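# Structural description and commentary
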Amino acid sequence: MENSIRTFENHKAFNRIYAPNKLTLGIFLPLDLYAGNLNIFNEHTKYIKQIDDKNFGAIWVRDIPLFDPGFGDAGQVYDAFTYLSFLAGQTQNVALGTGSIVLPFWHPISLAKVTGSLDQLSNNRLIMGVGSGDRAAEFPAFGQPFEKRGERFRQVLEELRKIGQESFPRINSELTSLNGLDLIPKPMAKSIPALVTGSSQQSLEWIANNSDGWITYPGATTHKNDTIRLGEKISVWRALIPNQQFKPHMTNEWIELAEDPYFPRTPLRGGFVLKTGRLGLIDLLNEWQEAGVNHAALGIQFSKRPIPEIINELAEEVLPHFPSLNI
């Protein structure tokens, strides 16, 4: 894939949550753990409206097509784009993010149709995290070889962009044969930002050249030295970006927000969850901002407190330090 500069000056969602030297806040869905009862998601709709009303930057959904009992995580259950389409009709401003779409499971035409439609219907609020997939058990179900997911990832992304950006694109590959046909609707701002997740089986140089941003796990989050290492990783990546173009970095953390604002940053579940009071969370977010992180998505499904109480505390005590942009 050849590098081409994509700019997003007119992209509503991009400019709501990404800017150099700034960090904004989003919320990762689901807001509670799925345990076989879909009714909880009906309750979540009012809380997602609360997130939008409080002016959080974004909501994020995961793409987990199949439930693997061995893995034990069903995500938000609903299809990512179907759920975001529903939520687009329930909200006004919040960016709608995927974290992340497993590109090898998609055909470029189908993906271009779905994403272009959602971007138009949501008034330019779609942001895409994209990845190559890491759940090996899913690949045979889709008839895809796990070991070739990196190659398929590159091809789907390249053709997705071509179909979405060009009028009557010409593509002749083993995936797609387009000649004399076009796809509508196109994205509102010509292109939908696609942030690569992790390595996605690509080199760091490839990600620097071909992504619209980078999503990585933060690593440990207990001590300031942990975020120093994250900052070093981001700096190495940014040094490889052509022409010093701004490309955002995003990370996430699952948190258990303690009632005590002074509760120290404490890892739970082997470090998968961080329990902290709001002051420790503000410290962490400031450290991330200093490290070069531009957006942080917080998952609250492991918290013990009522969902609206957590959202209100985050909105009133934390969000003012990291406000959404251009609102």
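Residues numbered from 1 in each chain as written. Predicted model: local features only at pLDDT ≥ 70, side-chain atom pairs only at ≥ 80, totals over all residues. Heavy atoms only, no water.

### Comments concerning the layout of surface pockets
Computed from the structure, the largest pocket encloses a volume of approximately 930 Å³. As for the largest pocket, its lining consists of 39 residues, and the residues nearest its centre are Arg-62, Gly-99, Asp-134, Arg-135 and Tyr-217. Of all the secondary structure elements, the ones that give two or more residues to the lining of the largest pocket are strand S3 (95-102), helix H5 (138-141) and strand S9 (249-257). In terms of residue count, S3 provides more of the lining of the largest pocket than any other element does, four residues in total. Partitioned by chemical class, the residues of the lining of the largest pocket number 17 nonpolar, 15 polar and seven charged. (1 Å grid on protein atoms, 1.4 Å probe; cavity = no way out; pocket = protein on both sides within 12 Å on 5 of 7 lines; lining within 4 Å. Points joined across faces, edges and corners; volume = space filled by probe spheres on them. Helix = DSSP H or I, 4+ residues; strand = E, 2+ residues; numbered from the N terminus. Nonpolar A, V, L, I, M, F, W, Y, C, P; charged D, E, K, R; others polar.)

### Remarks on a nonpolar patch on the surface
Taken together, the side chains of Tyr-34, Leu-38, Val-77 and Tyr-78 define a hydrophobic patch exposed on the protein surface, amounting to about 300 Å² of accessible area. Relative to the assigned elements, Tyr-34 resides in the loop between strand S1 (24-28) and helix H2 (39-53). (Patch = residues over 30% accessible without salt bridge, like charges linked within 9 Å, V, L, I, M, F, W, Y side chains within 5 Å. Areas by Shrake-Rupley, 256 points an atom, 1.4 Å probe, with all protein chains shown as cover. Salt bridge = Lys/Arg side-chain N within 4 Å of Asp/Glu carboxyl O.)

### Structural notes on the pairing of strand S12 (residues 295-299)
S12 sits mainly inside the fold: five of its five residues count as buried. Neither face of S12 is left uncovered, since the one carrying His-295, Ala-297 and Gly-299 and the one carrying Ala-296 and Leu-298 both have all their residues buried. Judged from the five bridges that link them, S1 and S12 form a sheet pairing that is parallel. Residue Phe-28 lies in a different strand from S12, and its bridge partner there is Gly-299. Here five bridges tie S9 to S12, and the two strands are oriented parallel to one another. Across the sheet, the residue bridging to Glu-253 is Leu-298, located in S12. (Buried < 20%, exposed > 50% of the residue type's maximum accessible area, 1.4 Å probe, protein only. Pairing = 2+ DSSP bridges.)

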